[in-house]
Amino acid sequence: MSVLIICEKPSVAKTVALALGAAEQKDGYLSGDGLLVSWCIGHLISMADAGSYDERYKKWRYEDLPILPQTWKYAPTPGKEKQLAVLKELLHRSDVSEVVNGCDAGREGELIFRFVYEQAGCTKPFSRLWISSMEDSAIREGFAGRRAGTEYDVLYQSALCRARADWLVGINATRLFSVLYHKTLNVGRVLSPTLNLLVERDGKITMFHKEKYHIVHIDCGGVDAESERISDAAAADALRTACKSSQAVCVSLKKEKKTALPPKLFDLTLLQREANRVYGFTAKQTLDYAQSLYEKRFLTYPRTDSNYLTEDMAQMATDLVAALLPVLPFMQGAELTPEIWRVINSAKVSDHHAIIPTAAFAGNGFNGLPESEKKLMSLVCCKLLCAVAAPQEYETVTAVFDCGDKPFTAKGKTILIAGWKDIDTRFRAALKAKPDEDSAEDVALPELAEGGTLPVDAASIKEGKTAPPKHYTEDTLLAAMENAGAKDAPEDAERRGLGTPATRAAILEKLVSAGFAERKKLKKAVYLIPTQIGNSLITVLPEQLQSPLLTAEWEHKLKQVERGEL
């Protein structure tokens, strides 16, 4: 008898098959050692369109709304019929005694498998292959410890709720507003409030009135101290004149020892944000590169919302850090005694642990990887090393001087223990891009004493203008999506914000492809800016469809369904 494993993608199926000894290539699957391994190519079955429920729904008409199916229909995804036929035949083969769901270990992977299994009318027992790494050892271990598929029924119900609810909102709201305004206007539970974030920010920028201000700087023996902002140019010039060739008295000196804790490991959203900030990658590019590296066995499962590892991974993580040090060019000559406990917290790992490199990558290094994937691997490796390094310790000094009867402030910083920041500095120095310039506060001040007097060597005025908020980059928009509505969400809501780590990249791409937003390069960064159509849509949408609270409430309830509580 044979066991049939169904994976989500052909590349994943091939990796799984080879790890388990099924190397013989067939038409649409691999076989060997009592196993058949096939794949889905994403969703092979989709929610049927409205027209399949009633012929009249093929036309978009106001009087037909709302469309609320009593019995749900499904249809093969166009262009994927051949592979669906292969799977149906395999599922009904007489020698197949067990089916294994090997699709991606998450809500959507569960839905992809169940749709095929159910639409094929299969009733054979099935189990679940749930892994976070594509390394051979992880696949074999996961296969040996596969669990009954029924244990994931609630995850499937959660996925089904999500699919049906999004269909209902998408079909009805899109048709309603498109018919009312004689233009195709895509409306979505996550898409619309995300667009609203862009439109609100654009409105604040448009309405902003810049105001000129002046800051007087005095140079006291190498100490640069500055006044508060002064709106009146004449008053600023009078202060500059009063301070010139005068003396500054140190009226206050405050020293504080501080600690900068190491960063957390990457979840998908944090990885997408930092890759956008450092390399300019879009959220979709980052997800695509991470998925490719996962399938090459160099990266753990990317669609995760956790920043920690589980307790049983402590020794593996220790060995991994040691193996990575000689592989990373920016760590040459550096030493690191990892504090692994900083990244271990089983209670904060749900479906998948944080994104880290694999032992396979440590053994291979960057050999053969395209430039984009090399960059992403460097970022993930750097984050792991920073996360297990010691905290940075430093001392800040804030000195307030009196000069011309006005207060002037100088700030300085002295590094006591570099800690994880040394690794971060090494990494950023290795980037071709120019590193961020140090701020004035990062410079150490000379020894000062409260009550001491310093001669003013020079006085000058710097003019500036108040600045409006900036348009969203993908980095800042992902952060806004993650935190949207958080202050109004229930305290026990596990999933606040818009979308999930796995879906946010697709939402950003859809905003652009639907013509609601565009990417524009302004100075050094690429920003997402709403188009005229995007602005117009938000103007006509009701508040409920613009608010992040609807999707936050749904995600909270979907999580309850996933746990069997709802």
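Scoring rules and cut-offs
Residues numbered from 1 in each chain as written. Predicted model: local features only at pLDDT ≥ 70, side-chain atom pairs only at ≥ 80, totals over all residues. Heavy atoms only, no water. Helix = DSSP H or I, 4+ residues; strand = E, 2+ residues; numbered from the N terminus. Buried < 20%, exposed > 50% of the residue type's maximum accessible area, 1.4 Å probe, protein only. Contact = heavy atoms within 4.5 Å. Core = buried A, V, L, I, M, F, W, Y, C linked by side-chain atoms within 4.5 Å. Expected span 1.5 Å × (residues − 1). Polar contact = N/O pair within 3.5 Å; in protein donor to acceptor, adjacent residues only side chain to side chain. Patch = residues over 30% accessible without salt bridge, like charges linked within 9 Å, V, L, I, M, F, W, Y side chains within 5 Å. Areas by Shrake-Rupley, 256 points an atom, 1.4 Å probe, with all protein chains shown as cover. Salt bridge = Lys/Arg side-chain N within 4 Å of Asp/Glu carboxyl O. Lys, Arg positive; Asp, Glu negative; His and termini not counted. Charge placed at Lys NZ, Arg CZ, Asp CG, Glu CD. Pairing = 2+ DSSP bridges. Axes fitted to C-alpha atoms, helices over the stretch in contact; angles between N-to-C directions. Phe/Tyr/Trp six-rings, centres within 6.5 Å; stacked < 30°, edge-to-face > 60°. Lys NZ or Arg CZ within 6 Å of the ring centre and 35° of its normal.

Q: Provide a residue-level description of the overall build of the chain, including the pertinent values.
A: Summing up its helical and strand segments, the chain has 18 helices and 18 strands in all. With respect to the three principal axes, the spread of C-alpha positions in the chain is 95 × 65 × 40 Å. Burial status across the chain gives 50% buried among its 566 residues. The long-range fraction of contacts in the chain, counting pairs at least 24 apart against all pairs at least 6 apart in sequence, stands at 78%.

Q: Account for the nonpolar core, naming residues and giving values.
A: Counting residues in hydrophobic clusters, the biggest one holds 52 residues, and the most contacted among them are Leu-309, Met-377 and Ile-423. Breaking this core down by element, the ones donating at least two residues are α8 (268-279), α9 (283-295), α10 (314-324), α11 (359-364), α12 (371-387) and α13 (420-430). Examining the composition of this core, we find that 10 residues originate from one element, α12, more than from any other. By size, the runner-up hydrophobic cluster in this structure holds 36 residues, among which are Ile-6, Ala-120, Tyr-156 and Ile-171.

Q: So what's going on with α8? Which residues, and what values?
A: When the terminal C-alpha atoms of α8 are compared, their 16 Å separation across 12 residues agrees well with the 16 Å that a helix rising 1.5 Å per residue should span. With respect to burial, α8 is a largely interior element, 10 of its 12 residues being buried. For α8, every residue scored as buried is listed here: Leu-268, Thr-269, Leu-271, Gln-272, Arg-273, Glu-274, Ala-275, Asn-276, Val-278 and Tyr-279. Elements in contact with the buried residues of α8: α9, α12, α13, α14 (474-483) and α15 (504-513). Capping of α8 at its N-terminal end is provided by Asp-267; its side-chain oxygen lies 3.2 Å from the backbone amide nitrogen of Thr-269. Backbone geometry just downstream of α8 places Gly-280 in the positive-phi region, at approximately 80 degrees.

Q: Please provide a residue-by-residue account of a negative patch on the surface, values included.
A: On the surface, Asp-219, Asp-224, Glu-226 and Asp-457 cluster together into a negatively charged patch. Along the polypeptide, Glu-226 turns up in strand β11 (residues 223-226). When its relative accessible area of 35% is taken as the criterion, Glu-226 is described as partly exposed.

Q: Now, about the pattern of salt bridges: what can you tell me, with residues and values included?
A: Inspection of the entire model under this criterion finds 40 salt bridges. Put simply, Arg-303 and Asp-104 hold a salt bridge, and the shortest N to O gap is 3.8 Å. Pair noted here: Arg-303 is in the loop between α9 and α10 and Asp-104 is in the loop between β7 (96-102) and α3 (107-119), with a separation of 199 residues, a long-range link. Here Asp-153 makes a salt bridge to Arg-114, at a shortest N to O gap of 2.9 Å. With Asp-153 in helix α5 (residues 153-181) and Arg-114 in helix α3, this pair connects stretches of sequence that are 39 residues apart.

Q: An account of the environment of Arg-229 is needed here, citing residue identities and associated values.
A: Looking at the element boundaries, Arg-229 is found in the loop between β11 and α7 (233-243). Linking Arg-229 and Ile-215, residues 14 residues apart in sequence, is a C-alpha distance of 5.2 Å. In this structure, Arg-229 is in contact with Tyr-213, His-214, Ile-215 and Thr-466, ignoring residues within four places of it in sequence. Looking at Arg-229, its side chain comes within polar contact range of the side chain of Tyr-213, at 3.5 Å.

Q: Describe the environment of Tyr-74, naming the residues involved and giving the relevant values.
A: Here Tyr-74 shows up in strand β6 (residues 74-76). Taking the C-alpha atoms as reference points, Tyr-74 and Met-47, separated by 27 residues in sequence, lie 4.6 Å from one another. For Tyr-74, the contacting residues outside a window of four places in its chain are Ile-45, Ser-46, Met-47, Ala-48, Phe-115, Gln-119, Leu-160 and Arg-164. Among the polar contacts made by the side chain of Tyr-74, one reaches the side chain of Arg-164 at a distance of 3.0 Å.

Q: I'd like a description of the pairing of strand β12 (residues 247-260), backed by residues and values.
A: Pairing analysis gives three bridges linking β12 to strand β15 (residues 453-455), with the strands arranged antiparallel. What sits directly across from Gln-247, in β15, is Pro-455. Note that β12 and strand β13 (residues 392-403) share 11 bridges and pair antiparallel. By the bridge assignment, Leu-253 is partnered in β13 with Ala-399.

Q: Tell me about the sheet that holds β7, and name the residues and values.
A: Here we have seven strands laid out as an open sheet, ordered β2-β3-β4-β1-β7-β8-β9, and mixed in their pairing. What marks the edges here is a single partner per strand, and that holds for β2 (24-25) and β9 (147-148). Relative to β9, strand β8 (residues 126-128) runs antiparallel, the two being bridged by two bridges. When the sheet's bridge partners are listed, Ser-127 is paired in β9 with Ala-148. Against the sheet, helix α2 (residues 81-91) engages β1 (2-7), β3 (29-32), β4 (35-39) and β7, with an angle of about 155 degrees to β4.

Q: Talk me through unusual backbone geometry; I want residue IDs and the actual numbers.
A: As a rule of thumb, non-glycine residues mostly have phi less than zero, and peptide bonds are mostly trans rather than cis. Geometrically, the link from Leu-65 to Pro-66 is a cis peptide bond, its omega value of 0 degrees lying close to zero. Unusually for a residue other than glycine, Ile-41 sits at a positive phi of about 55 degrees. Looking at where Ile-41 falls in the secondary structure, it is placed in the loop between β4 and β5 (45-47). Ile-41 sits in the partly exposed class, given a relative accessible area of 36%. Of note, His-182 is a non-glycine position whose phi angle comes to about 55 degrees, a positive value. Checked against the element boundaries, His-182 lands in the loop between α5 and α6 (191-207).

Q: Please set out a positive patch on the surface residue by residue, giving values where relevant.
A: Judged by side-chain charge, Lys-210, Lys-465, Lys-470 and Lys-523 come together as a positively charged surface patch. The residue Lys-465 is located in strand β16 (residues 458-465) in this model.

Q: Which residues make up α14, and what are the values?
A: Of all 10 residues in α14, seven are buried, a share of seventy percent or more. Those residues of α14 not exposed but buried are Glu-474, Asp-475, Leu-477, Leu-478, Ala-479, Ala-480 and Met-481. In this structure, the buried side of α14 is in contact with α6, α8, α9, α15, β17 (517-522) and β18 (525-530).

Q: Any details on the packing of aromatic side chains? Residues and values, ideally.
A: Evaluation of the coordinates by the stated rule reveals 13 aromatic pairs. Seen in terms of ring centroids, Tyr-53 and Trp-167 are 5.8 Å apart; in terms of plane orientation they differ by 65 degrees. Their pairing is edge-to-face. Of the two residues, Tyr-53 is situated in the loop between β5 and β6 and Trp-167 in helix α5; the sequence distance between them amounts to 114 residues. The class for Trp-167 is buried, based on a relative accessible area of 8%. Where Phe-330 meets Phe-427, the ring centres are 5.4 Å apart and the plane angle is 70 degrees; that geometry is what we call edge-to-face. Of the two residues, Phe-330 is situated in the loop between α10 and α11 and Phe-427 in helix α13; the sequence distance between them amounts to 97 residues. In textbook terms, an aromatic cluster arises when at least three aromatic residues are bridged by ring pairs, as seen for Tyr-53, Trp-72 and Trp-167. The cationic tip of Arg-201 hangs over the ring face of Tyr-472; the distance from NZ or CZ to the ring centre is 4.2 Å. Between Lys-413 and the ring centre of Tyr-394, over which it is positioned, the NZ or CZ distance is 4.5 Å.

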